Amino acid sequence: MNAAVDHTASAEEAVRFLADHPHVYLLGRRADGYPTGYAMMSRAHDGVVDFSTYRASAKVRNLEREGVAAILAVSKDDDRALWASGDVSVHDGALWNAERPRVGSDATFRPDVPQGIIEKVADRHEAGKRCVLRVTLREARFVDRPA
Amino acid sequence: MSEDEIDRFLCSRSTAIVVAGPAGAAPLGAVGDFHYDTGTVAFSLHPADPIVGQLGDGDRVCCIAEQFPSYYEIKSVMLHGYATRRRDSDRGAPTFDLDVDKVVSFDFGKLTSNPARA
């Protein structure tokens, strides 16, 4: 049982799991040195995981400073979780709206988010207030929960 | 969230996300069992989770308790503090006490856009 906790995942397996479980925790480090996690919706595709967030947020500052981040995706269906890590980059907010048709519609991507919120987020991407925070995956593994 | 709201919310949680790991690398993350009793916080991890081998007494940890049944029911409490391993947990799931230093919380139900607030 104990030996089965660490299972390396391929990039394809990681992206598939993340796409199926888009509610994830983006893991980084605060300016005061504490590790921390941000609960966020994600878009996983083509070896990368994208997040929509405010350009001026502490989250962006923290992750840009560190240059690396991790992601923890939890399944409600089984006991597996996926941990992945990679390099951080920040991209223009318009990318979020431009990629929507290719990497998933809002109907399946954010089932619980009111339409008004989705439209507000899209507007703020176009206005440059929001950006795309991207993690390019380098390493991933499945981890088990406590028995 | 107020202190009372945080206390009630944490009492209702049995699972937490645990974030840890040394500086200079991407943090490790795990799903742990969450233990809370009137301000006392602890968490348990799978014995072979990579965090267990990395986490020494006094190391910094973030413990996240969250719910997200719907957008306006999202609540989260992030507890940042220092971990100490319970010596009596060596044979079962490793359990760590958390000496909480900082607390961050949010409740989407309090957003002004929530129609239920009208």
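None of these values were measured; they are calculated from a predicted model.

For an interface, size is often stated in terms of accessible area lost upon the parts coming together. In this complex, chain B contributes 40 residues to the contact, which on the side of chain A involves 35 residues. Seen at the junction of chain B and chain A, the total is 1 salt bridge. Counting across the interface, chain B meets chain A through 9 residue pairs in polar contact (both at pLDDT 80 or more). Counting only elements with at least two residues in the side of chain B that touches chain A, the list comes to strand 1 (15-20), strand 2 (28-37), strand 4 (60-67), strand 5 (75-85) and strand 6 (95-107) of chain B.

Turning next to the state of the cysteines. As enumerated under the stated definition, the model contains 0 disulfides over all chains in all. Cysteine B:Cys11 remains unbridged, with the sulfur of B:Cys63 as its closest cysteine sulfur at 14 Å.

As a further point, take the environment of B:Glu73. Residues and elements named next belong to chain B. Mapped onto the elements, Glu73 comes out in the loop between strand 4 and strand 5. Note on Glu73: relative accessible area 41%, which makes it partly exposed. Each C-alpha atom of the pair Glu73 and Asp4 lies 17 Å from the other, and the pair is 69 residues apart in sequence.

Residue and element names in this part refer to chain B. A barrel is described by the order of its strands in space; here 6 strands give the closed sequence 1-2-3-6-5-4, paired in antiparallel fashion. Each strand axis lies, on average, 40° off the axis of its neighbour in the sheet, ignoring direction. As paired strands, strand 5 and strand 6 are joined by 11 bridges and run antiparallel to one another. Its bridge partner lying in strand 6, Tyr82 is registered against Asp99. Each of strand 2, strand 4, strand 5 and strand 6 touches helix 1 (residues 3-11); the most contacted strand, strand 5, lies at about 75° to it.

For A:Asp46, which is not a glycine, the phi torsion comes out positive at approximately 55°. Among the secondary structure elements, A:Asp46 is positioned in the loop between strand 4 (43-45) and strand 5 (48-54). The phi dihedral of B:Thr38 falls on the positive side, at around 40°, and the residue is not glycine. The residue B:Thr38 is located in the loop between strand 2 and strand 3 (40-44) in this model. For B:Thr38, a relative accessible area of 67% gives the class exposed.

Thresholds applied
- Residues numbered from 1 in each chain as written.
- Chains lettered and ligands numbered in written order.
- Predicted model: local features only at pLDDT ≥ 70, side-chain atom pairs only at ≥ 80, totals over all residues.
- Heavy atoms only, no water.
- Contact = heavy atoms within 4.5 Å.
- Salt bridge = Lys/Arg side-chain N within 4 Å of Asp/Glu carboxyl O.
- Polar contact = N/O pair within 3.5 Å; in protein donor to acceptor, adjacent residues only side chain to side chain.
- Helix = DSSP H or I, 4+ residues; strand = E, 2+ residues; numbered from the N terminus.
- Disulfide = S-S within 2.5 Å.
- Buried < 20%, exposed > 50% of the residue type's maximum accessible area, 1.4 Å probe, protein only.
- Pairing = 2+ DSSP bridges.
- Axes fitted to C-alpha atoms, helices over the stretch in contact; angles between N-to-C directions.

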